[in-house]
Amino acid sequence: FFQPFAIILVVVLFLLTYHTPTFNIISFAATLYLIQKIFTYLESGQNALQSINELLPYARNIALFKRNLDVHRESTEGDVPFVFTRDLVFKEVSFSYNGNKPILIGINFSMRAGETVGLIGPSGAGKTSIADLLLRLFKPNTGALLVDGVPSESIALTEWRERIGYVSQDVFLLNSSIEDNIRFYNHRLSKEDIETAAKQANIYDFIQGLPEGFQTITGDRGVMLSGGQRQRIALARALAGKP
């Protein structure tokens, strides 16, 4: 409405002042110029406000995301060393996602050092949730995880995860070399550590048979490799850290 309103205002001013003795065409022209500048600034301000209104939802989303980061920030507290010589115990562990339908209710079991354990059950029984709790990606709603009698919260999160090797069902590979995929940002690993892990995962001979060896690019998500080869690289990645 700015431009039509400006035209109407100019016409009204002209009609009111034209017949007055003090009417001066130069003064009127200067007035028109000032009116034009005023409405230009008003339009500019309107456009700026509109831009701000369009960006406000994005700003609110960023603020909400930052608040969620603070609320769900992982705690790295704990100074007890990780020692696993006897058993790892789930003691009266209950868990649910966001307080909704319970996934685990009062779970009690132990895994002895050196023992191989399989978790069997239908989809939704909580097998992956137990793995997530072992990785400390989530905390139990009630109960505790004990390693040789020490609560998991007493052990620093970084040290805890360094002691665990995890190979997920869905293998994720970088669009990089086989060596980079096994190293996976762990710069403390030597070339010998990577080769040893590849031998343990039974993929060393395959890698050595490639024209570029460990420098062979796997492609996006490992598209250049078969499913089994991707899994063995992921297994080598888990073993390389000597969990």
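Since the structure is predicted, the reported quantities are computational estimates derived from the model, not experimental observations. (Residues numbered from 1 in each chain as written. Predicted model: local features only at pLDDT ≥ 70, side-chain atom pairs only at ≥ 80, totals over all residues. Heavy atoms only, no water.)

A.B. asks: Hey, could you run me through the overall build of the protein in this one?
C.D. replies: Regarding its fold elements, the protein presents eight helices and four strands. Traced from its N-terminal end to its C-terminal end, the protein shows the element sequence α-α-β-β-α-β-β-α-α-α-α-α. Taking 18 Å as the expected radius of gyration for a compact globule of 243 residues, we find that the protein reaches 34 Å, considerably beyond that expectation. A buried classification covers 27% of the 243 residues belonging to the protein. Counting contacts in the protein only where the partners sit at least 6 residues apart, residues at least 24 apart contribute 66% of the total. Split by element, the accessible area of the protein, about 16,800 Å² in all, is 59% carbon and sulfur. Taking the average place of the 23 positive charges on the side chains of the protein and the average place of its 23 negative ones, the gap between the two points comes to 3 Å. (Helix = DSSP H or I, 4+ residues; strand = E, 2+ residues; numbered from the N terminus. Rg over C-alpha atoms; globule rule 2.2 N^0.38 Å. Buried < 20%, exposed > 50% of the residue type's maximum accessible area, 1.4 Å probe, protein only. Contact = heavy atoms within 4.5 Å. Areas by Shrake-Rupley, 256 points an atom, 1.4 Å probe, with all protein chains shown as cover. Lys, Arg positive; Asp, Glu negative; His and termini not counted. Charge placed at Lys NZ, Arg CZ, Asp CG, Glu CD.)

A.B. asks: What exactly am I supposed to notice about unusual backbone geometry here?
C.D. replies: Where the residue is not glycine, phi is negative for most of them; where a peptide bond is considered, it is trans in most cases. Phi at F184 is positive, roughly 50°, even though this residue is not glycine. Considering the arrangement of structural elements, one finds F184 in the loop between α5 (178-183) and α6 (191-200). Classification of F184 as partly exposed rests on a relative accessible area of 33%. In this structure, N202 takes a positive phi of about 60° despite not being glycine. With respect to the helices and strands, the residue N202 is situated in the loop between α6 and α7 (204-208).

A.B. asks: Would you take a moment to explain the pairing of strand β1 (residues 87-96) for this structure?
C.D. replies: The side chains of a regular strand alternate between the sheet's two faces. For β1, a buried count of seven out of ten residues is recorded, marking the element as mostly surrounded by other parts of the structure. Two successive antiparallel strands, β1 and strand β2 (residues 102-112), enclose a turn made up of five residues, where N98 displays a positive phi of approximately 60°. Across five bridges, the pairing between β1 and strand β3 (residues 142-147) is antiparallel. Its bridge partner being in β3, V89 is matched across the sheet by L146. (Pairing = 2+ DSSP bridges.)

A.B. asks: Just checking my understanding: could you explain the packing of aromatic side chains for this structure?
C.D. replies: Here the distance between the centres and the angle between the planes together describe a pair of aromatic rings. All told, the structure shown has seven aromatic pairs when counted by the stated rule. Between the aromatic rings of F82 and W160, the centroid separation amounts to 5.3 Å while the plane-to-plane angle is 75°, which identifies the pairing as edge-to-face. Taken together, the positions of F82 in the loop between α2 (25-71) and β1 and W160 in helix α4 (residues 157-162) put the pair 78 residues apart, joining distant regions of the chain. Of the two residues, F82 and W160, neither departs from the other in class, the shared state being buried. Sitting above the plane of the W160 ring, R136 keeps its charged end 5.3 Å from the centroid. Above the ring of F184, the side-chain terminus of R237 is found at 4.1 Å from the ring centroid. (Phe/Tyr/Trp six-rings, centres within 6.5 Å; stacked < 30°, edge-to-face > 60°. Lys NZ or Arg CZ within 6 Å of the ring centre and 35° of its normal.)

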